[in-house]
Number of protein chains: 2
Amino acid sequence: MSDSLSALANQRTQIQEKYNNFKKMGLNLDITRGKPSPLQLDLANNLLTRPVESYLVGNVDTRNYGGLDGLPEMKKLFAEMLELDADNVIVGGNSSLTMMYDSLARACQFGVPGGNGPWNQVESRKFICPTPGYDRHFLITEHLGFELIPVDIDENGPNMDQVETLVAADDTIKGMWCVPKYSNPTGSSCSEDTIKRLANMKAAADFRIMWDNAYAEHHLDDSPPLLANIMEHCIAAGNAERVLEFASTSKISHPGSGVAALAASPANVADAKSHLAVQTIGPDKENQLRHLNLFGDLNGLRSHMKKHAELIKPKFDLVDEILNRELGSLQIASWTKPKGGYFISLDIPDGTAKRVVDLADEAGVKLTNAGAPFPYGKDPRDRNIRIAPTFPALEDVAQATEVLAVCVQLAAAESVQN
Amino acid sequence: MSDSLSALANQRTQIQEKYNNFKKMGLNLDITRGKPSPLQLDLANNLLTRPVESYLVGNVDTRNYGGLDGLPEMKKLFAEMLELDADNVIVGGNSSLTMMYDSLARACQFGVPGGNGPWNQVESRKFICPTPGYDRHFLITEHLGFELIPVDIDENGPNMDQVETLVAADDTIKGMWCVPKYSNPTGSSCSEDTIKRLANMKAAADFRIMWDNAYAEHHLDDSPPLLANIMEHCIAAGNAERVLEFASTSKISHPGSGVAALAASPANVADAKSHLAVQTIGPDKENQLRHLNLFGDLNGLRSHMKKHAELIKPKFDLVDEILNRELGSLQIASWTKPKGGYFISLDIPDGTAKRVVDLADEAGVKLTNAGAPFPYGKDPRDRNIRIAPTFPALEDVAQATEVLAVCVQLAAAESVQN
């Protein structure tokens, strides 16, 4: 690696010139957030334009109050997606993130089934954060007063040696985050071995895995990895209460107006409902009807997702192609080639990620803040860059990636000479 | 009163016969909950059937993520309804009750501006409940660990002598509930004097009035009472942080799919947003668009509410007429004649309310549980019956009220002879 770094350093003048040329172009590009593009949103415009002909579902008037856990057909759709029974599912509002926050806020205020009272009573409560991971997850647990404990993540999911050791030794660790499929940002999915170990490991009775299956149906190619059923493994291990699963249509229909769900064991579902009966008048059933009319069933939803893949796969391919061309031979960077999800995770030389984000910003390309995918926003090696290629148009993704690659080269060259 | 009671007792046989005749009819009627009728919901069916032509508001794509506090036009609509600035408003999801729960849950977990830390730290925390009042309000504070302190309510709102005395003496009283207009179930509205006293009374810095203006626009006749602006009075008194106002379109458009709002001082709004930025991805903006398309502006919403009044006023009138005919001369009952809202509150002889609810149930008429409008579901005098006439058809309202009146007579007659 240092050979290639010194080679780069020798070319610093040319790299600087390339960078300066980009700077002169007055670009204004943004590859920061995992948002669907307008063309992707167009796929679900029937939510806005197709009349809902019947507001009755059986004898339920979907317009009125009532129905704490969602319409039966909507529960069924999420149950099939998560390979669970409809009884395991509570349909919520427009955001699975809110259901995650509320689940943890309830655990802090009231405790959970099998626990010893409110988590608020555990002053030094902690939560495990596989990193790099999703900043909004980490922020929820930070906000609710948990100390964030990082563990590594690789192509099989969270590093289970680290997780098992931590959890067995400390029952003030109340849970962990996990995006089991096409993890944000690494794109990795949990192997069956990882899932078995999560289900079977020794942990406190009130330990909870926040299983955010945000990308359950978000494949980029035709051979998606199979995800083992964590609930089945938890039940088999006598730990049925350990996992809280979440899913939503946010990146399937419309992010601001999707439908979210929580799925869990009967005891966890009953516990959540006992609080929801106080907190809510029930979720928006008309929006559930609109979604059922849009998808029909899980097969319809899967056909819909193929259209998303057609729109975004070229963007992922292009980023990979440009990074290969510009960085491939230099041996200073590695990046993921995800089979689904919304992100590419790029690792560059230690200590240069912040510099790259600043350089790109000066050249008119907004990148996710360096460190964002780490607890407290701090990447200990300052080397990870998250690329979110879905939102911009294809030509903008290309342009932004070209700029990013030159910034990586320049920051690497600078790091040798500094 | 005892004269009329003994007269009733002498007619017990005839009353019993009337009751038995009703019983034989095999009725199945329900006047328990304050729900709009299907005909009222039909008024807003455009939410389901009218296509939303443009999803852009300025350069905001309402389909995507973002927009923590709602669309500017929706904030404006609620601001005008509450006579506040749009900056005071946070638009939420489909339920103002959820916004109330969340506001109090946040206060318990984190505290409020001007307070001394999380309310959870105050073990003997208390909340004032004007009674009879709304059971779902009382349930929220009971669930969050508050002791419920009842105060009386009359035609001018909560009994301010009681409120002032309680609040001045005890800073573990963290707040109070108040439905300022057409209160559930008494139908009373706060007078300007009540509102001034609420704004000016001596209370802890973190005392909060939960001002649930659920029936702000729900008039039954053309001369609605004017509600003084509590926020202005609070600001004038140097207590801007004291009031959290809530409103929604639940009983204006569709209860399950309405739009809710919280309005408060800049400090309270900033505080709420700092937590919502962690808890949510923003409210459903498409549903806000649908509502803006349905109403246009506050004048449009007010025209819409006149159509509601046309549908439900005959039901309120009919209940009053039947109660007058059947109970008016007996001097054993008094009831409210609200100028708006959803309820009639009926007071009958002490110790007979539960018996009336049971008798009506046996005759096929479901009434709200006796005691429901009181803290812990216990009416200390067992004398209050809440009548919710909006949902059933007019002929069912009539039939149910006839049965109710006979049950009141019978329970009163029984109470003399027991």
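Quantities reported herein were computed from a predicted structural model and do not represent experimental measurements.

A short note on the overall build of chain A
Thinking step 1. A tally of helices and strands in chain A yields 15 helices and 15 strands.
Thinking step 2. Taking 418 residues into account, the globule formula puts the C-alpha radius of gyration at 22 Å, and chain A, at 23 Å, falls close to it.
Thinking step 3. Counting every position in chain A, which comprises 418 residues, the buried fraction comes to 53%.

Notes on the pairing of strand β9 (residues 208-212) of chain B
Residues and elements named next belong to chain B.
Thinking step 1. Within β9, five of the five residues are buried, which leaves it mostly tucked inside the rest of the structure.
Thinking step 2. In β9, alternate side chains face the same way, and those of Arg208, Met210 and Asp212 on one face and Ile209 and Trp211 on the other are all buried.
Thinking step 3. In this structure, strand β8 (residues 173-178) lies alongside β9, joined through four bridges in parallel fashion. Of the residues in β9, the one forming a bridge with Gly175 is Arg208.
Thinking step 4. For β9 and strand β10 (residues 243-248), the ladder comprises four bridges, and the chain directions are parallel. Along β10, the bridge assignment pairs Met210 with Leu244.
Thinking step 5. For the segment spanning β9, helix α10 (residues 230-236) and β10, crossover handedness is right-handed.

Here's the deal with the sheet that holds β8 of chain B
Thinking step 1. Read across the open sheet, the eight strands follow the order β4-β11-β10-β9-β8-β5-β6-β7 (chain B); overall the sheet is mixed. At either end of the open sheet lies a strand with only one pairing partner, and these are β4 (89-91) and β7 (157-158) of chain B.

A few points about the environment of Leu346 of chain A
All names here are of chain A.
Thinking step 1. Looking at where Leu346 falls in the secondary structure, it is placed in strand β13 (residues 344-347).
Thinking step 2. Put simply, Leu346 and His308 are 38 residues apart on the chain and 23 Å apart in space, counted from C-alpha to C-alpha.
Thinking step 3. Beyond its immediate stretch of four places on either side in the chain, Leu346 contacts Ala333, Trp335, Ile385 and Ile387.

Quick notes on the domain arrangement of chain A
Interface size is commonly expressed as the accessible area that is lost once the parts come together.
Residues and elements named next belong to chain A.
Thinking step 1. Assigned domains within chain A: domain 1 (2-41 + 302-417) and domain 2 (53-296).
Thinking step 2. Distance from the C-alpha centre of domain 1 to the C-alpha centre of domain 2: 30 Å.
Thinking step 3. With 25 residues of domain 1 at the interface, the matching set in domain 2 holds 27 residues.
Thinking step 4. Within the residue set of the side of domain 1 that touches domain 2, elements represented by two or more residues are α13 (298-327) and β15 (384-387).

Concerning the relation of the copies chain B and chain A
Between the two copies of this chain, the relationship is a rotation about some axis together with a displacement along it.
Thinking step 1. Of the two same-sequence chains, chain B is brought onto chain A (RMSD 0.0 Å, axial shift 0.0 Å) by a rotation of 180°. Here the symmetry operator amounts to a two-fold rotation axis. Every residue of chain B has its C-alpha some distance from the rotation axis, and the shortest such distance is that of Pro51 of chain B, at 3.3 Å.
Thinking step 2. When you check the interface residues of chain B against chain A, 100% turn up at the interface there too, and the contact is symmetric in its surfaces.

Focus on the nonpolar core
Thinking step 1. Counting 132 residues, the largest nonpolar core has Phe78, Ala261 and Leu262 of chain A together with Phe78, Ala261 and Leu262 of chain B as the members making the most contacts within it.
Thinking step 2. Here Ala261 of chain A is in contact with Phe78, Val89, Ile90, Val91, Gly92, Ala247 and Ser248 of chain A, once residues within four sequence places are set aside.

So, the pairing of β15 of chain A
A regular strand places its side chains on the two faces of the sheet in alternate fashion.
Residues and elements named next belong to chain A.
Thinking step 1. Both faces of β15 are covered, namely the face carrying Asn384 and Arg386 and the face carrying Ile385 and Ile387.
Thinking step 2. Here β13 runs beside β15; their pairing, made up of four bridges, is antiparallel. Its bridge partner lying in β15, Leu346 is registered against Ile385.

Some thoughts on unusual backbone geometry
Thinking step 1. A cis geometry characterises the amide bond from Thr131 of chain A onward to Pro132 of chain A, with omega recorded as 0°.
Thinking step 2. Within the fold, Pro132 of chain A resides in the loop between β5 (126-131) and α7 (135-143).
Thinking step 3. In this model, Asn184 of chain A is joined to Pro185 of chain A through a cis peptide bond whose omega is 5°.
Thinking step 4. Inspection of the secondary structure puts Pro185 of chain A in the loop between β8 (173-178) and α9 (192-200).
Thinking step 5. Its identity is not glycine, yet Asp382 of chain B carries a phi of approximately 45°, on the positive side.

Some points on the packing of α13 of chain A against helix α15 (residues 394-417) of chain A
Residues and elements named next belong to chain A.
Thinking step 1. Interhelical geometry of α13 versus α15 gives an angle of 30° and a closest axis separation of 9 Å. When the interaxial angle is binned, α13 and α15 end up roughly parallel. Of the two possible hands of crossing, α13 and α15 adopt the one that is right-handed. Along its contact with α13, which presents Pro314, Lys315, Leu318, Val319, Ile322, Leu323, Glu326 and Leu327, the element α15 presents Leu394, Val397, Ala398, Thr401, Glu402, Ala405 and Val408.
Thinking step 2. In terms of residue class, the contact of α13 with α15 is built from 11 nonpolar, one polar and three charged.

Digging into the packing of helix α14 (residues 353-362) of chain A against α15 of chain A
Residue and element names in this part refer to chain A.
Thinking step 1. Viewed as axis vectors pointing N to C, α14 and α15 meet at an angle of 130°, and their least axial separation amounts to 9 Å. Relative to α15, the element α14 is oriented oblique. Considering how the two elements wind past one another, α14 and α15 form a crossing that is right-handed. Taking contact as the criterion, the partners of Arg355, Val356, Leu359 and Ala360 in α14 are, on α15, Val403, Leu404, Cys407, Val408, Leu410, Ala411 and Glu414.

What to know about the interface of chain B and chain A
Thinking step 1. Taken together, the contacts link 41 residues of chain B with 41 residues of chain A.
Thinking step 2. Broken down by secondary-structure element, the contributors of at least two residues to the side of chain B that touches chain A are α3 (38-42), α4 (46-49), α6 (96-110), α7 (135-143), α11 (266-279) and α12 (285-295) of chain B.
Thinking step 3. Here the side of chain B that touches chain A takes six residues from α6 of chain B, the largest share from any one element.
Thinking step 4. Its residues placed into classes, the side of chain B that touches chain A shows 18 nonpolar, 17 polar and six charged.

Digging into the sheet that holds strand β13 (residues 344-347) of chain B
Thinking step 1. Read from one edge to the other, the open sheet built from three strands follows the order β12-β13-β15 (chain B), with strand pairing classed as antiparallel. Edge positions in the sheet fall to β12 (334-335) and β15 (384-387) of chain B, since each has one partner strand and no second.

Things to note about the environment of Glu414 of chain B
Thinking step 1. Relative to the elements of secondary structure, Glu414 of chain B occurs in helix α15 (residues 394-417).
Thinking step 2. Spatially, the C-alpha atoms of Glu414 of chain B and Ala363 of chain B are 17 Å apart, while their sequence positions differ by 51 residues.

A word on the environment of Ser329 of chain A
Thinking step 1. Position of Ser329 of chain A relative to the elements: it lies in the loop between α13 and β12 (334-335).
Thinking step 2. Judged by C-beta crowding, with 10 C-beta atoms within 10 Å, Ser329 of chain A ranks as exposed.

Definitions and limits used
- Residues numbered from 1 in each chain as written.
- Chains lettered and ligands numbered in written order.
- Predicted model: local features only at pLDDT ≥ 70, side-chain atom pairs only at ≥ 80, totals over all residues.
- Helix = DSSP H or I, 4+ residues; strand = E, 2+ residues; numbered from the N terminus.
- Rg over C-alpha atoms; globule rule 2.2 N^0.38 Å.
- Buried ≥ 20, exposed ≤ 12 C-beta atoms within 10 Å, placed from the backbone.
- Pairing = 2+ DSSP bridges.
- Right-handed = clockwise from strand over helix to strand, strands pointing away.
- Contact = placed C-beta atoms within 7 Å.
- Domains from an automatic or database assignment.
- Least-squares fit on C-alpha atoms with pLDDT ≥ 70 in both.
- Core = buried A, V, L, I, M, F, W, Y, C linked by C-beta atoms within 7 Å.
- Axes fitted to C-alpha atoms, helices over the stretch in contact; angles between N-to-C directions.
- Parallel < 35°, antiparallel > 145°, perpendicular 65-115°, else oblique.
- Left-handed = near helix turned anticlockwise from the far one by under 90°.
- Nonpolar A, V, L, I, M, F, W, Y, C, P; charged D, E, K, R; others polar.

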